[in-house]
Amino acid sequence: DAGVIQSPRHEVTEMGQEVTLRCKPISGHNSLFWYRQTMMRGLELLIYFNNNVPIDDSGMPEDRFSAKMPNASFSTLKIQPSEPRDSAVYFCASSAPSAGDPYNEQFFGPGTRLTVL
Amino acid sequence: GQQVMQIPQYQHVQEGEDFTTYCNSSTTLSNIQWYKQRPGGHPVFLIQLVKSGEVKKQKRLTFQFGEAKKNSSLHITATQTTDVGTYFCAGPNGRNYQLIWGAGTKLIIKP
């Protein structure tokens, strides 16, 4: 299995530009998570999807951030317009919770390192 | 709201010394998970503890879950350079399939 795939791995953009991060979860996993990691704030959950439906987006910083999951194999996180304080590593993770183990381990992608100048 | 506190934030050790990180929850947890993130890498699942008082070992790593299921620890015996990284604990938030993450403990090997 290829694991969780994220693209791009690195993104450098200028303030005000739109940024789109992409994620392909592990096949068969029905839960998908977007996280942001910075030195100052640590690992923050932005949004969580279950069966392609957003369940909790309370971690999304503001309206500039949006996320979609059009199907079970693809999700995007968009920032428009981007700001320097959005600079961080963005991780996508997937898991396969079951009735017997609703909190199965999360498998993280390699992350996208975003720099907004 | 529910919180998971993890200490210390950093621990500097000489290679060969032991390392311990502690995790405390404000509420009783149904389970707790531990992850390791190497420098420049992504979090990788290590283990899940479910039972009260549970102790599990993975080679030089010993994981414990408290009797009250509100605290947990990870102990590494005789650290090696391959142990360098940040260790995170995470517990369920009780409402859905999300995890509440500790801030992580960074293990640094002194040169």
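Before reading further, recall that the structure is shown in the block above.
Conventions we followed
- Residues numbered from 1 in each chain as written.
- Chains lettered and ligands numbered in written order.
- Predicted model: local features only at pLDDT ≥ 70, side-chain atom pairs only at ≥ 80, totals over all residues.
- Heavy atoms only, no water.
- Core = buried A, V, L, I, M, F, W, Y, C linked by side-chain atoms within 4.5 Å.
- Buried < 20%, exposed > 50% of the residue type's maximum accessible area, 1.4 Å probe, protein only.
- Helix = DSSP H or I, 4+ residues; strand = E, 2+ residues; numbered from the N terminus.
- Contact = heavy atoms within 4.5 Å.
- Pairing = 2+ DSSP bridges.
- Axes fitted to C-alpha atoms, helices over the stretch in contact; angles between N-to-C directions.
- 1 Å grid on protein atoms, 1.4 Å probe; cavity = no way out; pocket = protein on both sides within 12 Å on 5 of 7 lines; lining within 4 Å.
- Points joined across faces, edges and corners; volume = space filled by probe spheres on them.
- Nonpolar A, V, L, I, M, F, W, Y, C, P; charged D, E, K, R; others polar.
- Buried area = accessible area lost by both parts, 1.4 Å probe.
- Salt bridge = Lys/Arg side-chain N within 4 Å of Asp/Glu carboxyl O.
- Polar contact = N/O pair within 3.5 Å; in protein donor to acceptor, adjacent residues only side chain to side chain.

**Structural notes on the nonpolar core**
Ranked by internal contacts, the top residues of the largest apolar core, which has 21 residues, are A:Leu32, A:Trp34, A:Phe49, A:Met60, A:Leu77 and A:Tyr90. Among the elements of the structure, β3 (19-24), β4 (31-38), β5 (42-50), β7 (65-71), β8 (74-79), β9 (88-95) and β11 (112-116) of chain A are those that each provide at least two residues to this core. Aside from chain neighbours lying at most four places away, what touches A:Met60 is A:Leu46, A:Ile47, A:Phe65, A:Ser66, A:Ala67 and A:Leu77. Core analysis: the next-biggest nonpolar cluster, separate from the first, contains 19 residues, B:Val13, B:Leu46, B:Leu61 and B:Phe63 among them.

**Some points on the sheet that holds strand β3 (residues 19-25) of chain B**
Residues and elements named next belong to chain B. Here 5 strands make up an open sheet; going across it, the order is β1-β3-β8-β7-β6 and the pairing antiparallel. Strands at the two margins of the open sheet, each flanked by one partner only, are β1 (4-7) and β6 (55-58). Neighbouring strand axes in the sheet, compared pairwise and without regard to direction, differ in orientation by 15 degrees on average. Sheet analysis places β6 next to strand β7 (residues 61-65), joined by 4 bridges and oriented antiparallel. Residue pairing in the sheet places lysine 57 in a bridge with threonine 62 of β7.

**Quick notes on the side chain of A:Thr112**
Within the secondary structure, A:Thr112 sits in strand β11. In this structure A:Thr112 touches A:Gln6, A:Ser7, A:Pro8, A:Arg9, A:Glu11, A:Leu21, A:Ala88, A:Val89 and A:Tyr90, once residues within four positions along its chain are discounted.

**Brief notes about the layout of surface pockets**
By volume, the largest pocket amounts to about 820 Å³. If you trace the largest pocket, you find 31 residues lining it, with A:Gln37, A:Thr38, A:Met39, B:Gln37 and B:Thr86 closest to the centre. Breaking the lining of the largest pocket down by element, the ones donating at least two residues are β4, β5, β9 and β11 of chain A together with β9 (85-92) of chain B. Residue classes in the lining of the largest pocket are distributed as 12 nonpolar, 14 polar and 5 charged. Reported here for the second largest pocket is a volume of approximately 430 Å³. In terms of lining, the second largest pocket is formed by 19 residues, of which the most central are A:Leu43, A:Leu45, B:Gln2, B:Ile100 and B:Trp101. Secondary-structure elements contributing two or more residues to the lining of the second largest pocket are β4 and β5 of chain A together with β1 and β10 (99-101) of chain B. The biggest single contributor to the lining of the second largest pocket is β5(A), with 4 residues. In terms of residue class, the lining of the second largest pocket is built from 9 nonpolar, 6 polar and 4 charged.

**Topic: the interface of chain A and chain B**
Each partner contributes to the interface: chain A provides 21 residues, whereas chain B provides 20 residues. Counting the surface lost from both chain A and chain B, the interface buries some 1,700 Å², and carbon and sulfur atoms represent 56% of this. Summed over the three residues of chain A that lose the most area to chain B, namely A:Leu43, A:Tyr103 and A:Phe108, the buried surface amounts to 36% of that side. Here chain A is connected to chain B by 0 salt bridges. Our count for the chain A to chain B interface comes out at 4 residue pairs in polar contact (both at pLDDT 80 or more).

**Quick word on the side chain of A:Glu44**
Residue and element names in this part refer to chain A. With respect to the helices, strands and loops of the structure, glutamate 44 is situated in strand β5. Among the polar contacts made by the side chain of glutamate 44, one reaches the side chain of arginine 41 at a distance of 2.8 Å. Apart from residues lying up to four places away in sequence, glutamate 44 is in contact with Trp34, Tyr35 and Arg36.

Without other data, these values stay purely geometric and don't point to any function.
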